[in-house]
There are 2 protein chains.
Amino acid sequence: MSPAAQTNLALDMGSSPDRPIGVFDSGLGGLTVLKEIINLLPGENTIYFGDSGRAPYGSKSPETIGRFSQQIVRFLQRQQVKIIVIACNTASACAYDLVRNTAGVPVIEVVAPGAAAAARITRNGRIGVIGTRSTVESGVYIRAIRQSAGRPVEILQQACPLFVSLAEEGWWDNSITRQIAETYLADMRSSQIDTLMLGCTHYPLLSTVISETMGPSVRLVNAGGRVAAQVRQTLLDRGILNETATPGWHRYYTSDSVSRFEKLGGAFLGETIDGACQVDIEQDSV
Amino acid sequence: MSPAAQTNLALDMGSSPDRPIGVFDSGLGGLTVLKEIINLLPGENTIYFGDSGRAPYGSKSPETIGRFSQQIVRFLQRQQVKIIVIACNTASACAYDLVRNTAGVPVIEVVAPGAAAAARITRNGRIGVIGTRSTVESGVYIRAIRQSAGRPVEILQQACPLFVSLAEEGWWDNSITRQIAETYLADMRSSQIDTLMLGCTHYPLLSTVISETMGPSVRLVNAGGRVAAQVRQTLLDRGILNETATPGWHRYYTSDSVSRFEKLGGAFLGETIDGACQVDIEQDSV
């Protein structure tokens, strides 16, 4: 066993079901994943970190995203989380290996579960993937879908950089958002895909517009529910699933102001967020 | 003389005309200001820092923007700059006092020169101000314009958060940008303003669309040229203006990847950017 694996095992053995699930994102998008985790695992305690002070990640370089992700992992380690969920496609695409190698606890990312679902759902073998520029440029979905499919599939990708800004602006369903969707998705519409992967945790908020733009023959895939299922299975396998009937507690941290995080985040989560804390994690050298 | 003023004087006395002008922004927008400085003062050496790794600033809290600005000032101090230009309206609005008190060299910000111009230009005393959410919420333009005007003026403000994303996406003049402008500027158009302050250094890139939306009776005010004039006057007053006929050198630093900064930044500056450097300034405790 490698020294790194020994360290991981040693840290992991100290886990108990009571410890929280750690979830992080560049900002608010990951709350759409947290929502699915809370729905599926209501007894679990959770800690969410949204890096709103440095959001968005989608147009930044892989090196920068790696550095930010490692700082967040150190913060979550100090909170004694038993598992870490990278609830951000850009960070999953650019920093998963880095995070997995240093976390000391199991790490779940959002790309593989979504890719597996898309590969399973498609009938005609033509799949579209939309995401941030960094996610699309990483090619991570192409590799993950091909690996899951086990047969030839055709994959068309499109970066939709403004979608995150539109989601954060609250323009989830208006005429401008529809036109931007039509502009970004023009090639997708003429390509006869039957499955569209929402490769960014912000995009479920725009799913009405995206679905109307693509038409009824295209099925949208949102990884949130599948990520939650994978979290459950991983905790079950390790004997650290919290199956208490008492509802868990949920704590929220952000690198920007609490008031904006609570106000906007509540809309993403679909529930009121109270008592979020602002933390400065930049001093963590990596 | 206060101890702080003594320190400032001591540091400032060490300045010489050869030292560079330091210019910073949340990312690329400040390059529209740098462009004016280089045009007016071709013999000056310049150092530009774009915080693209943490951009945009416009929706972040004043505390976060203050912390980021102070880290950048420390970086510029190490580069021995003779003057600092805050080429970002959000940072000018939220962090000017902080920067001025710690810089040790003269600090020029972008709000006062633009506000003075708007107050001078208006004929009917009705002025519009557009900017990021943080700039608008700070109320800094209202105070600055009122102070400059010396007579009652009516000021209408509007936050246009998507404008920065549109500028960075390169959608400077298309039908979607026009519709977003019409949505944001609807109240401005019916308010009979005759002067519109572009209160964000990204907005000059969208000036064609903004101008067409507002119509020919509204004059747009872009602070860039006035900021350059103020830099010149300040250097002249202090005897540290570089009047050499040899063109100055221009160095570029960013907190994100160099390739993206150079590619997009060249479009903002209107000239090719070569040899930019990536720096990590987060470890600077403040």
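Definitions and limits used
Residues numbered from 1 in each chain as written. Chains lettered and ligands numbered in written order. Predicted model: local features only at pLDDT ≥ 70, side-chain atom pairs only at ≥ 80, totals over all residues. Heavy atoms only, no water. Core = buried A, V, L, I, M, F, W, Y, C linked by side-chain atoms within 4.5 Å. Buried < 20%, exposed > 50% of the residue type's maximum accessible area, 1.4 Å probe, protein only. Contact = heavy atoms within 4.5 Å. Buried area = accessible area lost by both parts, 1.4 Å probe. Salt bridge = Lys/Arg side-chain N within 4 Å of Asp/Glu carboxyl O. Polar contact = N/O pair within 3.5 Å; in protein donor to acceptor, adjacent residues only side chain to side chain. Phe/Tyr/Trp six-rings, centres within 6.5 Å; stacked < 30°, edge-to-face > 60°. Helix = DSSP H or I, 4+ residues; strand = E, 2+ residues; numbered from the N terminus. Lys NZ or Arg CZ within 6 Å of the ring centre and 35° of its normal. Least-squares fit on C-alpha atoms with pLDDT ≥ 70 in both. Pairing = 2+ DSSP bridges. Axes fitted to C-alpha atoms, helices over the stretch in contact; angles between N-to-C directions. Domains from an automatic or database assignment. pLDDT = per-residue confidence, 0-100. Right-handed = clockwise from strand over helix to strand, strands pointing away. Parallel < 35°, antiparallel > 145°, perpendicular 65-115°, else oblique. Left-handed = near helix turned anticlockwise from the far one by under 90°.

## A short note on the nonpolar core
Core analysis: the biggest nonpolar cluster contains 72 residues, and Val85, Val231 and Tyr252 of chain A have the highest contact counts within it. Apart from the residues lying within four places of it in its own chain, the contact partners of Val231 of chain A are Ile21, Ile37, Leu41, Ile83, Val85 and Ile108 of chain A. Judged by nonpolar contacts, the second largest core, of 48 residues, contains Leu31, Ile38, Val227 and Leu241 of chain B.

## Some points on the interface of chain A and chain B
Residue-level contacts link 37 residues of chain A with 37 residues of chain B. Summing both partners gives a buried area of about 2,900 Å² for chain A against chain B, and 44% of it is carried by carbon and sulfur. By the criterion of area lost to chain B, the three top residues of chain A are Leu162, Arg260 and Glu282 of chain A, representing 20% of everything that side buries. Here Arg133 of chain A makes a salt bridge to Glu169 of chain B, at a shortest N to O gap of 2.8 Å. Across the contact surface, chain A and chain B share 22 residue pairs in polar contact (both at pLDDT 80 or more).

## Re the packing of aromatic side chains
Each aromatic ring pair is characterised by the separation of its centres together with the angle its planes make. A full pass over the atoms with the stated rule returns 20 aromatic pairs over all chains. Pairing Phe163 of chain A with Tyr203 of chain A gives two aromatic rings, centres 5.3 Å apart and planes at 80°, and the pair type is edge-to-face. Linking Phe163 of chain A in helix α8 (residues 162-169) with Tyr203 of chain A in the loop between β7 (195-198) and α11 (207-214), this pair joins segments that are 40 residues apart in sequence. In this structure Phe163 of chain A comes out as buried when scored by relative accessible area, which is 0%. Consider the rings of Tyr48 of chain B and Phe261 of chain B, whose centres lie 6.2 Å apart with planes at 35°: the pair is tilted. You can see Tyr48 of chain B sitting in strand β2 (residues 46-50) and its partner Phe261 of chain B sitting in helix α13 (residues 258-269), a full 213 residues away along the chain. Given the relative accessible area of 0%, Tyr48 of chain B is considered buried. You can call Phe261 of chain B buried: its relative accessible area is 2%. Three or more aromatic residues joined by ring pairs make a cluster, and in this case those are Phe163, Tyr184 and Tyr203 of chain A together with Trp171 of chain B. Sitting over the face of the ring of Trp249 of chain A, Arg251 of chain A holds its NZ or CZ atom 3.8 Å from the ring centroid.

## Brief notes about the relation of the copies chain A and chain B
The transform that puts chain A on chain B rotates by 180° and translates by 0.0 Å along the axis, for an RMSD of 0.0 Å. The two molecules are tied by a two-fold rotation axis, judged by turn and shift. The position closest to the rotation axis in chain A is occupied by the C-alpha of Arg54 of chain A, lying 2.2 Å away. Of the residues that chain A buries at the interface, 100% are likewise interface residues in chain B, meaning the two copies contact each other through the same surface.

## Some details on the sheet that holds strand β7 (residues 195-199) of chain B
Residue and element names in this part refer to chain B. The strand order across the open sheet built from four strands is β6-β5-β7-β8, with neighbouring strands paired in parallel fashion. In this open sheet, the two edge strands, each paired with only one partner strand, are β6 (154-159) and β8 (219-221). Taken pair by pair, the neighbouring strands of this sheet meet at an average axis angle of 25°, ignoring direction. With three bridges connecting them, β7 and β8 associate as parallel partners.

## Concerning the side chain of Thr195 of chain A
Its location among the elements puts Thr195 of chain A in strand β7. Side chain to side chain, Thr195 of chain A and Asp194 of chain A meet in a polar contact 2.8 Å long.

## Thoughts on the domain arrangement of chain A
Size of an interface: often given as the accessible area lost when the parts come together. All names here are of chain A. By the assigned domains, chain A splits into domain 1 (3-109 + 225-278) and domain 2 (112-222). On the domain 2 side, the residues contacting the 27 residues of domain 1 number 24 residues. Carbon and sulfur atoms supply 55% of the area that domain 1 and domain 2 bury against each other, a total of about 1,700 Å² over both sides. On the domain 1 side of the interface with domain 2, the three residues burying the most area are Asn89, Arg226 and Phe268, jointly 36% of the side's total. Taken together, domain 1 and domain 2 are joined by zero salt bridges.

## So, the confidence of the model for chain A
Averaged over chain A, the pLDDT score is 92; the fraction of residues at 70 or greater is 94%. Confidence metrics for the complex model read pTM 0.85 and ipTM 0.79.

## Structural notes on the pairing of strand β3 (residues 83-86) of chain A
Residue and element names in this part refer to chain A. What you see with β3 is no split at all: Ile83 and Val85 on one side and Ile84 and Ile86 on the other are buried throughout. Pairing between strand β1 (residues 21-25) and β3: four bridges, direction parallel. If you follow Phe24 over to β3, its bridge partner there is Ile86. For the handedness criterion, the β-α-β arrangement of β3, helix α4 (residues 89-103) and strand β4 (residues 107-109) is classed as right-handed.

## Here's the deal with the pattern of salt bridges
Residues and elements named next belong to chain B. For the structure shown, the criterion picks out 18 salt bridges over all chains. The salt bridge involving Lys82 is made with Glu44; its shortest N-O contact spans 2.7 Å. Taken together, the residues span a long stretch of sequence, with Lys82 in the loop between α3 (62-78) and β3 (83-86) and Glu44 in the loop between α2 (31-40) and β2 at a distance of 38 residues. Here Lys82 and Glu44 have matching classes, each one buried. The residue Asp51 makes a salt bridge to Arg54 at a minimum N-O spacing of 2.9 Å.

## Structural notes on the environment of Leu166 of chain A
Looking at the secondary structure, you find Leu166 of chain A in helix α8. Taking the relative accessible area as the measure of exposure, Leu166 of chain A reaches 1% and is therefore buried. Placed 37 residues apart in sequence, Leu166 of chain A and Tyr203 of chain A show a C-alpha to C-alpha distance of 9.6 Å. Look past the residues within four positions of Leu166 of chain A in its chain and what remains in contact with it is Trp171, Trp172, Thr177 and Ile180 of chain A together with Leu162 of chain B.

## With respect to the side chain of Gln71 of chain A
Considering the arrangement of structural elements, one finds Gln71 of chain A in helix α3 (residues 62-78). There is a polar contact of 2.7 Å between the side chain of Gln71 of chain A and the side chain of Arg54 of chain A.

## Some details on the packing of helix α5 (residues 111-121) of chain B against helix α7 (residues 140-149) of chain B
All names here are of chain B. Between α5 and α7, the shortest axis-to-axis distance is 8 Å and the interhelical angle comes to 50°. Regarding the angle of α5 to α7, the classification is oblique. Judged by the sense of rotation from one axis to the other, the crossing of α5 with α7 is right-handed. On α7, the residues that touch Val111, Ala115, Ala116 and Ala119 of α5 are Val140, Tyr141, Ala144, Ile145, Ser148 and Ala149.

## Regarding the sheet that holds β7 of chain A
Sheet strands line up and pair through hydrogen bonds in the backbone, either parallel or antiparallel. All names here are of chain A. Sheet architecture is open: four strands sit in the order β6-β5-β7-β8, paired in parallel fashion. Single-partner strands in this sheet number two, and they are β6 (154-159) and β8 (219-221). For this sheet, the mean inter-axis angle between neighbouring strands, taken without regard to orientation, is 25°. As paired elements, strand β5 (residues 126-131) and β6 share six bridges and run parallel to each other.

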